[in-house]
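# Commentary on secondary and tertiary structure
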Amino acid sequence: MPLWTYGAAYLAGSFPTAYLVGKANGVDLRTVGSGNLGATNVFRTLGWKWGLLVYLVDGLKGLLPTLLLPTAVGVARGWPWGVILGVLTIVGHVKPIFLMGKGGGKGVATASGVFFALAPVAGLCAVAAFAVVVAITRYVSLASLVGAAVLPVAIFVQMREISPLMLVSVAISAFVFWTHRDNIGRLLRGEERRVGGPPSTAEGSAR
């Protein structure tokens, strides 16, 4: 695998979608709401249309490099090269070089795109679980955690074995839980903000 493909995957993931959308609307999203440059903070701050746009673009940041870069250099899309490139897009999203490695998102949308490329059925199951939890509880963070937990289970059920891709999905899911550790604390304390609800004191102090 040529070295440039690794750099291309990381740079694609680093594209600061939420930051640019915020700036286009006169807002630095790192200083409002949760301070996170992800679709959820955009949704809360700028509305559902901008939030949906950011989610889709961040998903494409994971989907397209994972699908297209292996094909461009004539290697398999799945394990291991597609997985490595997909993980690099997630790293780029969380630690974007265009923002000096600071102020990225939590990786959920980009990881969704990666696994839609690698395991479409399992990826769809995770997104469906996310949507159901949001609809019932209106907690986006809880929905992200449930979707992350569903993903490796769905991959195992689909492949009927503990595959390398399943093990990677477990690692990615654990990473999502780690990036949501503050949200988990607020959920346990009953302080997490619901979609459409007012910002909590804890969220404001976490900027």
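In this text the structure is predicted, and so the values were computed from the model without any measurement.

### Concerning the overall build of the chain
Helix and strand content of the chain: 11 helices and zero strands. Relative to a compact globule of 207 residues, whose C-alpha radius of gyration would be 17 Å, the chain shows 17 Å and is just as compact. Principal-axis analysis of the C-alpha atoms places the extent of the chain at approximately 50 × 35 × 25 Å. Looking at the 207 residues of the chain, the share that counts as buried comes to 46%. Partitioning the contacts of the chain with sequence separation of at least 6, the portion at a separation of at least 24 is 63%. Accessible area for the chain stands at about 10,000 Å²; split by element, carbon and sulfur atoms hold 70% of it. One finds the centroid of the 17 positive side-chain charges in the chain at a distance of 4 Å from the centroid of its 7 negative side-chain charges.

### Some remarks on the packing of helix 2 (residues 17–24) against helix 4 (residues 48–73)
For the pair helix 2 and helix 4, interaxial distance at closest approach is 9 Å and the crossing angle is 150°. What the angle tells us is that helix 2 and helix 4 run roughly antiparallel. Considering the relative orientation of helix 2 and helix 4, their crossing is right-handed. Every residue of helix 4 that contacts helix 2 at Thr17, Ala18 and Val21 is listed here: Trp50, Leu53, Val54, Val57, Asp58 and Lys61. Its residues assigned to classes, the contact of helix 2 with helix 4 comprises six nonpolar, one polar and two charged.

### Here we look at the side chain of Ser173
By the element assignment, Ser173 lies in helix 9 (residues 164–179). Not counting chain neighbours up to four residues away, the residues in contact with Ser173 comprise Ala148, Ala149 and Pro152.

### Digging into the nonpolar core
Among the nonpolar cores identified, the biggest contains 17 residues, and Ile90, Phe115, Ala122, Leu151, Ile155, Leu165 and Ile172 are the most heavily contacted of them. Looking at this core, the elements that each hand over two or more residues are helix 5 (81–94), helix 6 (108–118), helix 7 (120–137), helix 8 (140–159) and helix 9. Listed in part, the 10 residues of the second largest apolar core include Ala18, Tyr19, Leu29 and Ala39.

### Looking at unusual backbone geometry
Cis geometry marks the peptide bond from Trp79 to Pro80, where omega comes out at 0°. Secondary-structure assignment places Pro80 in the loop between helix 4 and helix 5. One non-glycine residue, Arg138, lies in positive phi territory at about 65°. The topology assignment puts Arg138 in the loop between helix 7 and helix 8. Take Arg138: its relative accessible area is 41%, and that puts it in the partly exposed class.

### What about the packing of aromatic side chains?
Tallied over the full model, the rule gives one aromatic pair. A cation sits over an aromatic face here: Arg181 above Trp178, 3.9 Å from the ring centre.

### Brief notes about a nonpolar patch on the surface
A cluster of nonpolar side chains, Val153, Phe156, Val157, Ile162 and Leu167, forms an exposed patch at the surface whose accessible area comes to about 480 Å². Here the nonpolar patch gets three residues from one element, more than from any other, and that element is helix 8. Turning to its location among the elements, Leu167 is positioned in helix 9.

### A look at the packing of helix 4 against helix 5
For the pair helix 4 and helix 5, interaxial distance at closest approach is 9 Å and the crossing angle is 150°. In this view, helix 4 runs roughly antiparallel relative to helix 5, as classed from their interaxial angle. Handedness of the helix 4/helix 5 crossing: right-handed. Residues Asp58, Lys61, Gly62, Pro65, Thr66, Leu69 and Pro70 of helix 4 touch helix 5, and the partners they reach there are Gly82, Leu85, Gly86, Thr89 and His93.

Each value, and the rule that gives it
- Residues numbered from 1 in each chain as written.
- Predicted model: local features only at pLDDT ≥ 70, side-chain atom pairs only at ≥ 80, totals over all residues.
- Heavy atoms only, no water.
- Helix = DSSP H or I, 4+ residues; strand = E, 2+ residues; numbered from the N terminus.
- Rg over C-alpha atoms; globule rule 2.2 N^0.38 Å.
- Buried < 20%, exposed > 50% of the residue type's maximum accessible area, 1.4 Å probe, protein only.
- Contact = heavy atoms within 4.5 Å.
- Areas by Shrake-Rupley, 256 points an atom, 1.4 Å probe, with all protein chains shown as cover.
- Lys, Arg positive; Asp, Glu negative; His and termini not counted.
- Charge placed at Lys NZ, Arg CZ, Asp CG, Glu CD.
- Axes fitted to C-alpha atoms, helices over the stretch in contact; angles between N-to-C directions.
- Parallel < 35°, antiparallel > 145°, perpendicular 65-115°, else oblique.
- Left-handed = near helix turned anticlockwise from the far one by under 90°.
- Nonpolar A, V, L, I, M, F, W, Y, C, P; charged D, E, K, R; others polar.
- Core = buried A, V, L, I, M, F, W, Y, C linked by side-chain atoms within 4.5 Å.
- Phe/Tyr/Trp six-rings, centres within 6.5 Å; stacked < 30°, edge-to-face > 60°.
- Lys NZ or Arg CZ within 6 Å of the ring centre and 35° of its normal.
- Patch = residues over 30% accessible without salt bridge, like charges linked within 9 Å, V, L, I, M, F, W, Y side chains within 5 Å.
- Salt bridge = Lys/Arg side-chain N within 4 Å of Asp/Glu carboxyl O.

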